[in-house]
Amino acid sequence: MIETVDLDAPAPDAAPGAGITIATGARFGTAHAEHCLQHATFTLTETETTDRRVIRVASVPEALAEITDRCTRWPQAAAICDDVLRAVDPSAPAWSGVVTESLAYSVLQAGPEFAGWLAARGPASVPAVADPMLLDRDGDTLRLRFNRPQRHNAFDNATRAVLLDGLAVAAADPSIDEMVLSGVGPSFCSGGDLAEFGGFTDVPSAHLARTRHSPALALEALTTRLGARCRAEIHGQVLGSGLEMAAFCGWVRAHPATLLGLPELSLGLIPGAGGTVSVTRRIGRWRTAYLILSGRTIDAATALRWGLVDEIAS
């Protein structure tokens, strides 16, 4: 399932081919190593580096074993994740990347790995919340706050609808020159509400909803207009769609205790809220692949060092 390339080997290993390839080691200064760094899914090392294609871990053998186990458990989602990240051009308009991501997500929604997760989860229901988002205007500033604190602001369809309404107000009113996205309670947004997953069985319609009614694309358009004045204030759990949406904002400020991650692989899925575009734009496809395939969270200091957030709140 996973090919490995040892950069420290006396004789160069074969170069990365198609599919998931993880390079390991710290011998970066050769033409062969440069080729591997560029074309591998990502590289693991125990050495400090600022290279965004490389992830420093405490133990390369342990990290490699953990990632291999996850890719073995969810091989289709892992392979499709690698395909999408290689296919998406983060410098292109977000629309094409969001469509590519959503089509891949739809394939996985109809596949056996997601079906297995649904069967293990069993029946679930989404508790109704009267005001899943709070919208407030203060002068020329529009504040949008996730308001399902009892579920760590897990993102459901009702929240999506109100968020889209708020973003439409910001888009339609040129006098709004600042938008702030935040969350009430212990977390900014812990990702999609797992109780709602699997409730929409019409896969083509789900794809059309994701791409025609996309908070990701609305946030990108707002960031294009407002720049850093379209910002996210994040704290607590910032996972899955929560991280994906925040990363589209022009400026992200994180509480020091924030934890960030992309846990979708364990559901047999990949990010589906534009994260293969927004997160990749900020940290590159290699570190994005690591977050998805490892399932690990990172702290605010690491996120700042990587460029996933722009500021840590004092």
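Provided above is the structure to which this section pertains.
Everything quoted here is computed from the prediction, not taken from an experiment. (Residues numbered from 1 in each chain as written. Predicted model: local features only at pLDDT ≥ 70, side-chain atom pairs only at ≥ 80, totals over all residues. Heavy atoms only, no water.)

1. Digging into the pattern of salt bridges
Here is step 1 of the chain: The tally for this structure, following the rule as stated, stands at 19 salt bridges.
Here is step 2 of the chain: Across the pair R53 and D51 runs a salt bridge whose closest N-O atoms are separated by 2.8 Å.
Here is step 3 of the chain: A salt bridge links D82 to R86; the nearest nitrogen and oxygen atoms lie 2.9 Å apart. With D82 and R86 both in helix α3 (residues 75–87) and 4 residues apart, the pair spans about one turn of that helix. (Salt bridge = Lys/Arg side-chain N within 4 Å of Asp/Glu carboxyl O. Helix = DSSP H or I, 4+ residues; strand = E, 2+ residues; numbered from the N terminus.)

2. Brief notes about the nonpolar core
Buried together is how nonpolar side chains tend to be arranged in soluble globular proteins.
Here is step 1 of the chain: Counting residues in each nonpolar core, the largest one holds 78 residues, and the members touching the most others are F42, L44 and I234.
Here is step 2 of the chain: Here this core gets 9 residues from one element, more than from any other, and that element is helix α10 (residues 275–294).
Here is step 3 of the chain: Leave out the neighbours within four places in its chain, and F42 touches T21, I22, A23, R53, I55, I67, W286, A289, Y290 and L293.
Here is step 4 of the chain: Counting 8 residues, the second-largest nonpolar core is a separate cluster that includes V5, L7, L37 and V54. (Core = buried A, V, L, I, M, F, W, Y, C linked by side-chain atoms within 4.5 Å. Buried < 20%, exposed > 50% of the residue type's maximum accessible area, 1.4 Å probe, protein only. Contact = heavy atoms within 4.5 Å.)

3. Some words on the pairing of strand β2 (residues 21–24)
Here is step 1 of the chain: Residues T21 and A23 line one face of β2 and the alternating positions I22 and T24 line the opposite face, and both faces are buried.
Here is step 2 of the chain: Both strand β1 (residues 3–6) and β2 contribute to a ladder of 4 bridges, which runs parallel. From the neighbouring strand, T4 faces β2, where its bridge partner is I22.
Here is step 3 of the chain: Between β2 and its parallel partner strand β3 (residues 42–45), the chain crosses via helix α1 (residues 31–39), and the hand of that crossover is right-handed. (Pairing = 2+ DSSP bridges. Right-handed = clockwise from strand over helix to strand, strands pointing away.)

Read these as spatial facts, not as claims about activity.
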